[in-house]
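Close look at the chain arrangement
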Amino acid sequence: NNDEADYFYQRFRVATKITPADDITAYFRFDLAEGTWGTSFNDSIVARGLTNTGTTSADHQLHVDYAWVKVDKEMWSVQVGQQYFSVGNAITDFIPQGIKLTIKTPVVITALYSKRDEGASTNDDGLANEDFDVYGLNLGYAADAFTANVFYVNFSDDNSQDERVLYGAQGTVSAGSVNLNAEINLFDGDNDASGIEYVGMNLFLEARTNLSDAWMVALQGFYSEGTDDTGEQAVWTLATLDSVVWSD
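Residues numbered from 1 in each chain as written. Predicted model: local features only at pLDDT ≥ 70, side-chain atom pairs only at ≥ 80, totals over all residues. Heavy atoms only, no water.

On to the overall build of the protein chain. A count of helical and extended segments in the protein chain gives zero helices and 15 strands. Over its C-alpha atoms, taken along the principal directions, the protein chain stretches across nearly 65 × 50 × 50 Å. Looking at the protein chain as a whole, 30% of its 248 residues are labelled buried. Long-range pairs, those at least 24 residues apart, make up 41% of the contacts in the protein chain with a sequence separation of at least 6. Summed over all atoms, the accessible surface of the protein chain reaches about 15300 Å², with 54% contributed by carbon and sulfur. Here the protein chain holds 13 positive side-chain charges and 38 negative ones, and the gap between their average locations is 12 Å. (Helix = DSSP H or I, 4+ residues; strand = E, 2+ residues; numbered from the N terminus. Buried < 20%, exposed > 50% of the residue type's maximum accessible area, 1.4 Å probe, protein only. Contact = heavy atoms within 4.5 Å. Areas by Shrake-Rupley, 256 points an atom, 1.4 Å probe, with all protein chains shown as cover. Lys, Arg positive; Asp, Glu negative; His and termini not counted. Charge placed at Lys NZ, Arg CZ, Asp CG, Glu CD.)

Here's what the structure looks like:
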């Protein structure tokens, strides 16, 4: 019931970029000894970071944030490993271990595949061993006066018999001194185990203008559709890294 907390929190972050050739990049980033003093570290003369204090993801010795290799050619690129992925204005974004392929045509094609969870085993026999796969596709076009993106993301969890799908479009355009940014997201899918159907729609609009080299002013509006149907569940994102978080 206390309404106050006083604590020290630390993180030592290291990022490294390696370019063994002009068209090859390797990148990794990790955090060392991240946590709260006196809680995330053992009570000792040598106060080392603890592993798995409270949750399975809380390793206060070493966090690996990114670890990927990219081959970047004139007409295509492929990036493999633990990497960042988002669509639109990052209302849905996440860090999967996966493969991202980019085809550099006038309409840039970006495709992602990720194995999010192998289930109970890498053997796929039986429901308990089924996988959680992620598929993503973005078609993007950029001109001097505007940009446009159309995207699709599928979270397919065969283990939980749960599938959530995002269809969306996002674009920017300059109207004189005002820059407009608009996005629409439509959600679909269902959970076969519970019988719940997923629904939802987001609308996002931003108007931004520069008052000077140092000052900018913007107005943002966001609408997210709900539902009162007991057989439906409204969603506003598939996954979020707190880049954009709106109330449900």
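The next point concerns a nonpolar patch on the surface. On the surface, Val107, Ile109, Leu137, Leu139, Tyr141, Phe146, Val150, Val173, Leu180 and Leu205 cluster together into a nonpolar patch covering about 760 Å² of accessible area. Taken together, the elements giving at least two residues each to the nonpolar patch come down to β9 (132–142) and β10 (146–157). You can see Leu139 is positioned in strand β9. In this structure Leu139 comes out as partly exposed when scored by relative accessible area, which is 35%. (Patch = residues over 30% accessible without salt bridge, like charges linked within 9 Å, V, L, I, M, F, W, Y side chains within 5 Å. Salt bridge = Lys/Arg side-chain N within 4 Å of Asp/Glu carboxyl O.)

Turning our attention to the layout of surface pockets. The calculated volume of the largest pocket comes to roughly 160 Å³. Lining the largest pocket, in full, are Asp93, Phe94, Ile95, Pro96, Gln97, Ser114, Arg116, Ala239, Thr240 and Leu241. Listed by contribution, the elements that provide at least two residues to the lining of the largest pocket are β6 (92–94) and β8 (108–117). For the lining of the largest pocket, the per-class residue count stands at five nonpolar, three polar and two charged. (1 Å grid on protein atoms, 1.4 Å probe; cavity = no way out; pocket = protein on both sides within 12 Å on 5 of 7 lines; lining within 4 Å. Points joined across faces, edges and corners; volume = space filled by probe spheres on them. Nonpolar A, V, L, I, M, F, W, Y, C, P; charged D, E, K, R; others polar.)

Let us look at the pattern of salt bridges. Applying the stated rule across the entire model yields eleven salt bridges. Across the pair Asp31 and Arg13 runs a salt bridge whose closest N-O atoms are separated by 2.8 Å. Separated by 18 residues along the polypeptide, Asp31 in strand β2 (residues 24–36) and Arg13 in strand β1 (residues 9–21) bring together distant segments of the chain. Since its relative accessible area comes to 2%, Asp31 is described here as buried.

With that out of the way, let us pick up the packing of aromatic side chains. Two numbers describe a pair of aromatic rings. These are the distance of the centres and the angle of the planes. For the structure shown, the criterion picks out ten aromatic pairs. Centre to centre, the rings of Tyr113 and Tyr135 are 5.6 Å apart; their planes meet at 45 degrees, and the pair counts as tilted. Residue Tyr113 is found in strand β8, and its partner Tyr135 is found in strand β9; the two are separated by 22 residues along the sequence. Taking 6.0 Å as the distance between ring centres and 40 degrees as the angle between the ring planes, the aromatic pair formed by Tyr141 and Phe146 counts as tilted. Three or more aromatic residues joined by ring pairs make a cluster, and in this case those are Phe85, Phe94, Phe132 and Phe155. (Phe/Tyr/Trp six-rings, centres within 6.5 Å; stacked < 30°, edge-to-face > 60°.)

Our next topic: the side chain of Gln83. Checked against the element boundaries, Gln83 lands in the loop between β4 (76–82) and β5 (85–87). We classify Gln83 as buried; its relative accessible area is 0%. From its side chain, Gln83 meets the backbone oxygen of Gln79 in a polar contact 3.0 Å long. A polar atom in the side chain of Gln83 sits 3.3 Å from the backbone oxygen of Gly81. Beyond its immediate chain neighbours, meaning those up to four positions away, Gln83 contacts Tyr66, Trp68, Phe94, Ile95, Pro96, Gly98, Ile99 and Lys100. (Polar contact = N/O pair within 3.5 Å; in protein donor to acceptor, adjacent residues only side chain to side chain.)

What follows deals with the environment of Lys73. Within the element layout of this structure, Lys73 appears in the loop between β3 (62–72) and β4. Judged by relative accessible area, which is 35%, Lys73 ranks as partly exposed. When near neighbours in sequence (up to four residues on either side) are disregarded, Lys73 contacts Asp23 and Lys104.

In this section: the nonpolar core. The biggest cluster of nonpolar side chains holds 16 residues, and the ones touching the most others in it are Val87, Phe94, Val134, Val153, Phe155, Leu166 and Leu238. Breaking this core down by element, the ones donating at least two residues are β5, β9, β10 and β13 (196–210). Among the elements that take part in this core, β10 stands out by supplying three residues, more than any other. Dropping the residues within four chain positions of it, Val153 is found in contact with Val87, Val134, Tyr135, Gly136, Arg164, Val165, Leu166 and Leu238. (Core = buried A, V, L, I, M, F, W, Y, C linked by side-chain atoms within 4.5 Å.)

Turning our attention to unusual backbone geometry. In this model, Ala33 sits at a positive phi of 50 degrees, which is unusual for a non-glycine residue. On the secondary structure map, Ala33 appears in strand β2. Take Ala33: its relative accessible area is 25%, and that puts it in the partly exposed class.

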